[in-house]
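Now for the letters of each chain:
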Amino acid sequence: MEKIVLPEIKHLHLIDVYLANGGFNAARKAFSQSPDDIIDQVKKSGLRGRGGAAFSAGLKWSFMPKTTTKPKYLCVNGDESEPGSFKDRQIFEFNPHQLIEGILITCYAIGAKTCYIYIRGEYHKWIRLMENALADAYRHGFAGEQMKEKFNTDFSCEIYVHKGAGAYICGEESSLMNSIEGKRGYPRVKPPFPAQYGLWGCPTTVNNVETIANVPPIISNGWNWFAKIGEPKHPGTILFGISGHVNKPGVYELPSGTLLTDLIYNYAGGVPGNKKILCVIPGGSSMPPLRGDQLEGIKMDAESLKAAGSAIGTGGVMVMDEDTDLVKVLARITKFYYHESCGQCTPCREGTGWMLKILNRILRGEGSVNDLDLLISVANNIEGNTICALGDAAAWPVKFMIERFRDYFEERVSKEIKLPVANKVHSMRKTEFPLAEIKN
Amino acid sequence: MDFKFTRENLDKINDAIKRYPDKQAAVMHALWIAQAQNGWISNEVMQEIAKVLEINPEDVLGVVTFYTMYHQEPVGKYHLQVCTNVSCMLRGAYDIYETVKKSLGIENMQVTADKKFSLEEVECMGSCGSAPMIAVNEDYYENLTVEKIEEILKSLTLTLSKEEGV
Ligand SMILES: Cc1cc2nc3c(=O)[nH]c(=O)nc-3n(C[C@H](O)[C@H](O)[C@H](O)COP(=O)(O)O)c2cc1C
Ligand code: SF4
Ligand code: FES
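Residues numbered from 1 in each chain as written. Chains lettered and ligands numbered in written order. Predicted model: local features only at pLDDT ≥ 70, side-chain atom pairs only at ≥ 80, totals over all residues. Heavy atoms only, no water.

Below, the discussion takes up the domain arrangement of chain B. According to the domain assignment, chain B contains domain 1 (7–66) and domain 2 (78–163). Spacing between the C-alpha centres of domain 1 of chain B and domain 2 of chain B amounts to 29 Å. (Domains from an automatic or database assignment.)

This is the structure in C-alpha cells:
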C-alpha cells in the first residue's frame, strides 16, 4: 500500500532529497490556481482532520472570511499530548518539508500570511529537527519573502515554531491560541470560533500536523485520487500509533478502514505470549474503550468507530492483554485528566478529582458497588457541561469503561452498599453542640 | 540574586519578538531562554522578562505557573522525567519509576542532596510506541528495562564525576 505522509524514501527530511522527489511542485501547482479552487479540491477530497474531531479540512477553511482587513493566521497543531499518540513527531523527523509545503498551500488557500507551528515543549529534539528543516526551506526560498521570486507569485507567508511548555490542554485549539499569545493556556468559550475570532482576535484556522501534511499529495495527484483511498467517508491513509501489549508497537501508515484486528495482529505482531485482549482504546486515552471480545470486524475510520461505540481520535491504539488491571488503567487515565484540567470549569476541575478519589478507593480494595454508579454519575455531570472537550475526554473513559466492563469492576468492589456518612456535613459547620455518635 | 540576560540571549529574545504582532507572545520563548541560562525561573528572572517585554510581572508569573516545564525551583543537573501514563505503565513504567526512586533515594519532585539529580513523574511524552521511557533533561531514553535504567543512572553518575575530576 502506498504511503502518503511517511513514504519510504531515505533521507527525505533533507530538502535536496525532498526536491528530487518532486518536492514543492504541489505548491507551484496550487499557486497557479485560485484559493477557492484549492479549498474546493480539499473539500472534495474528503480530507478530515487528524487531530481528534475528524472535521472536514476543506469545510473548515471555507469558514475563513473572504473580505476582512484583519490579518489571517494558520496554526499547525503539533501539541501531540494525548496519551497513546506519537505520530506527529514522525512527520517532524522524517518528512518535515511536506508539512512545510502543506502549510504554504493552506496559507494560500485561506489567505494567511503567518503560520505558527505549535510543538509541545517536551519535543526538544523534534523542535530542533523542524526548525532545521524550516531554516533550509527559507534558505532555498520556499518560505518568506523570497517565495515570490521562487514561485513567481505575489503570495508569501512566514512560518514560525512556537514551543509549548508542558500542558496537555494547549492541544485544544483555543487554548493553543492563548498559549501562542503568551498567556495561560485557558480554553476560550465558543462561539466565536477561531475562523471569526482567533489569534489576537483575527480569523484563524487550526489544523493538526498530519492533516496539513496530507495537503500536497492531494493537490499533486488530484482530489479524486485521494477520495478513493480507504473508506469513502473518511478517505486517505491514517498514521496509526499502536502501543501497549503488542509485539511490534509503533506507527503504521495504513488506509483508513483497516481492520483493528489486522492492525493488532498483522502489523503490530499480535499480543506477547499470545494472550487474549481484554481492552483496546482505539484513538488515544480520551476515547471510549472497547471490549477485547468485541473487536472482530471493527474498521479504523471515524464512521465505523463511531458505530462501534468509540471514536478515531488521534488514531492512537492502546492494547491491553487479559492480565491488565483495568482499575489501575482507569485510575491512571483519570489522574491524567485531573492533572491536566485547567481549572476554569467546576465540573471538570472538581469532578476529575472526585473520580480519581473514588477510583483510588476501589484500587485499595475499599470500594463498593455504589461507587461504580457514583463514578458514572460524576462522569455524566462533567460531560457536556464544560467550556472545552477535556471535560468529555475525562468523562468518557470512566463512563464507558465501567459500563462496558461492569462485570470486571463488580468483581473488584464489595457488593455491600456503603452510603456516605450523612452527618459528615456537620463537621464542616462550626458548632458548639456535640454531635451524635455515628455508628456504621 | 540579580538576573540579567546575556547579550546573545537578549538578541534571541528580540528575534522572537519579531515573530508576533505583540510582545507578550514572546514570553514563552523568553522563559525558555532564561531557563537555559539560569537553570530555573526565579522571581528576579520574571522581573527581568517583564522589563524586557514591557509587560506586567504578574502576567509572566501567570504563565510560569500554568506550564509544568518551567521550573519554579532549582532542579538537579540531570532532571529525570519518568512517564507513568498508560502505554508506559502497561510496559513496566512503575518498575522503572521505583528503580529510579530507590537508586537516587528521592521521591517525586525532589532533588538529591548533592543537587546532581532531580525526579519528576510526568504525563505521556509521546513515546508510547517505544515505552517505557524517561527523559533526562532534553533527551529521551526509550524501550527501557530495569537493567537499562540502572545502566543509564550509572553512566550519568560517571559523567558527572569525570566532569568534577577535570
Ligand atoms: C483537551 C484537548 C486536547 C487536544 N489536543 C490536541 C493535540 O494535541 N493535537 C491536535 O492536533 N489536536 C488536539 N485537539 C483537537 C484540537 O482542538 C483541534 O480540533 C484540532 O487541532 C484541529 O485540527 P484537525 O481539524 O486538523 O484535526 C485537542 C482537543 C482537546 C479538547
Ligand atoms: S473543561 Fe476542563 S480543561 Fe476545559 S476549560 Fe473547562 S476546566 Fe479547563
Ligand atoms: S504513555 Fe509514556 S510516552 Fe506515552
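With that settled, consider the site of ligand 2. Residue and element names in this part refer to chain A. Near ligand 2, the surroundings consist of 13 residues, among which Cys342, Cys345, Cys348, Thr386 and Cys388 are the closest. Of the pockets mapped on this structure, ligand 2 occupies the largest cavity. Along the lines of polarity and charge, the residues of the shell around ligand 2 split into eight nonpolar, five polar and no charged. (Near = heavy atom within 4 Å. 1 Å grid on protein atoms, 1.4 Å probe; cavity = no way out; pocket = protein on both sides within 12 Å on 5 of 7 lines; lining within 4 Å. Sits in = over half its atoms within 2 Å of the grid points. Nonpolar A, V, L, I, M, F, W, Y, C, P; charged D, E, K, R; others polar.)

So, about the pattern of salt bridges. All names here are of chain A. Using the criterion set out here, one finds 38 salt bridges over all chains in the structure. With a closest N to O distance of 3.9 Å, glutamate 8 and lysine 3 form a salt bridge. Classification of lysine 3 by relative accessible area gives partly exposed; the value is 28%. Of the charged contacts in the structure, one is a salt bridge between aspartate 40 and lysine 44, with a shortest N-O distance of 3.1 Å. (Salt bridge = Lys/Arg side-chain N within 4 Å of Asp/Glu carboxyl O. Buried < 20%, exposed > 50% of the residue type's maximum accessible area, 1.4 Å probe, protein only.)

Time to look at the sheet that holds strand β2 (residues 114–119) of chain A. Strand order in the open sheet made by the four strands is β3-β2-β1-β4 (chain A), with parallel pairing throughout. The sheet is open, and its two edges are formed by β3 (158–163) and β4 (204–208) of chain A, each paired on a single side. Going from strand to strand, the sheet's axes swing by 20° on average, the running direction of each strand aside. Contacts from helix α7 (residues 124–139) of chain A reach β2 and β3 of chain A within the one sheet, and its direction differs from that of β3 of chain A by about 165°. The sheet contacts of helix α2 (residues 27–38) of chain B involve β2 and β3 of chain A, and relative to β3 of chain A the element is tilted by about 55°. (Pairing = 2+ DSSP bridges. Helix = DSSP H or I, 4+ residues; strand = E, 2+ residues; numbered from the N terminus. Axes fitted to C-alpha atoms, helices over the stretch in contact; angles between N-to-C directions. Contact = heavy atoms within 4.5 Å.)

Bringing the domain arrangement of chain A into the picture now. Residues and elements named next belong to chain A. We note that the domain assignment places domain 1 (15–227), domain 2 (230–321) and domain 3 (326–437) within chain A. If you average the C-alpha positions of domain 2 and of domain 3, the two centres end up 28 Å apart. Opposite the 12 residues of domain 2 that make contact, domain 3 presents 14 residues. Buried area between domain 2 and domain 3, summed over both chains or domains, comes out near 1,100 Å², and the portion from carbon and sulfur atoms is 67%. Sorting the residues of domain 2 by area buried against domain 3 places Ser286, Pro289 and Arg291 first, and these three jointly supply 43% of that buried surface. For the interface between domain 2 and domain 3, the tally reads one salt bridge. Of the charged contacts in the structure, one is a salt bridge between aspartate 407 and arginine 291, with a shortest N-O distance of 3.6 Å. Where domain 2 touches domain 3, the interface holds five residue pairs in polar contact (both at pLDDT 80 or more). Considering every element that reaches the side of domain 2 that touches domain 3, the biggest residue donor is strand β8 (residues 277–281), with three residues. (Buried area = accessible area lost by both parts, 1.4 Å probe. Polar contact = N/O pair within 3.5 Å; in protein donor to acceptor, adjacent residues only side chain to side chain.)

To continue, consider the site of ligand 1. Residues and elements named next belong to chain A. Close to ligand 1 lie 18 residues, the nearest being Gly51, Lys60, Asn207, Asn208 and Thr211. The separation between a nitrogen atom of ligand 1 and a polar main-chain atom of glycine 171 is 3.2 Å. Its free accessible area being 610 Å², ligand 1 has 90% of it covered by the protein chains. Broken down by element, the shell around ligand 1 gets its largest block of residues, three residues, from β4. Its residues placed into classes, the shell around ligand 1 shows four nonpolar, eight polar and six charged. (Areas by Shrake-Rupley, 256 points an atom, 1.4 Å probe, with all protein chains shown as cover.)

On the surface, Phe55, Leu59 and Phe63 of chain A cluster together into a nonpolar patch covering about 260 Å² of accessible area. Summarising the element assignment, leucine 59 of chain A is placed in helix α4 (residues 57–62). (Patch = residues over 30% accessible without salt bridge, like charges linked within 9 Å, V, L, I, M, F, W, Y side chains within 5 Å.)

Moving on, we come to the packing of helix α15 (residues 326–340) of chain A against helix α18 (residues 390–404) of chain A. Residues and elements named next belong to chain A. It is at 10 Å that the axes of α15 and α18 come closest, and there the two elements cross at 165°. On the basis of the axis angle, α15 is roughly antiparallel to α18. Crossing angle aside, the handedness with which α15 passes α18 is left-handed. Here α15 contributes Leu326, Val329, Leu330, Ile333, Thr334, Tyr337 and Glu340 to the contact with α18, which in turn contributes Leu390, Ala393, Ala394, Pro397, Val398, Met401 and Ile402. Here the contact of α15 with α18 is built from residues that sort into 12 nonpolar, one polar and one charged. (Parallel < 35°, antiparallel > 145°, perpendicular 65-115°, else oblique. Left-handed = near helix turned anticlockwise from the far one by under 90°.)

All names here are of chain B. Summarising burial for strand β2 (residues 117–122): six of the six residues are buried, a large majority. Burial along β2 is two-sided: the residues Phe117, Leu119 and Glu121 and Ser118, Glu120 and Val122 are all buried. Two elements, strand β1 (residues 78–83) and β2, share six bridges in a ladder whose sense is parallel. Looking at β2, one finds that histidine 79 is bridged to serine 118.

How large an interface is tends to be reported as the accessible area lost when its parts come together. Chain A puts 56 residues into the contact, and the matching count from chain B is 40 residues. Of all residues in chain A, the largest losses of buried area upon contact with chain B belong to Ala165, Arg184 and Arg332 of chain A, amounting jointly to 18% of the total for that side. Viewed at the interface, chain B and chain A are joined by four salt bridges. Lysine 335 of chain A serves as the salt-bridge partner of glutamate 121 of chain B, at 3.1 Å between the closest nitrogen and oxygen. For the pair chain A and chain B, the interface holds 28 residue pairs in polar contact (both at pLDDT 80 or more). Every element with two or more residues in the side of chain A that touches chain B is listed here: β2, α7, β3, α9 (173–180), β5 (237–244), β11 (316–321) and α15 of chain A. With eight residues, the top contributor of residues to the side of chain A that touches chain B is α15 of chain A.

Glancing now at α18 of chain A. Residue and element names in this part refer to chain A. The end-to-end C-alpha distance of α18 is 21 Å, a good match for the 21 Å that 15 residues give at a rise of 1.5 Å each. When you tally the buried positions in α18, you get 12 out of 15 residues, the bulk of the element. All of the buried residues along α18 are Leu390, Gly391, Asp392, Ala393, Ala394, Ala395, Pro397, Val398, Lys399, Phe400, Met401 and Ile402. (Expected span 1.5 Å × (residues − 1).)

When pLDDT is averaged along chain A, the result is 95; 95% of the residues meet or exceed 70. Every residue in residues 422–427 of chain A is under pLDDT 50, and counting partners more than four places away or in other chains gives two contacts. (pLDDT = per-residue confidence, 0-100.)

Before going further, it helps to spend a moment on the sheet that holds β8 of chain A. All names here are of chain A. Judged by pairing direction, the sheet is mixed, and its five strands sit side by side in the order β6-β5-β11-β8-β9 without closing on themselves. Two strands bound the open sheet, and with one partner strand each, they are β6 (250–255) and β9 (290–291). Inspection of the sheet shows β8 paired to β9 by two bridges, in the antiparallel sense. Residue pairing across strands places valine 280 opposite leucine 290, the latter belonging to β9.

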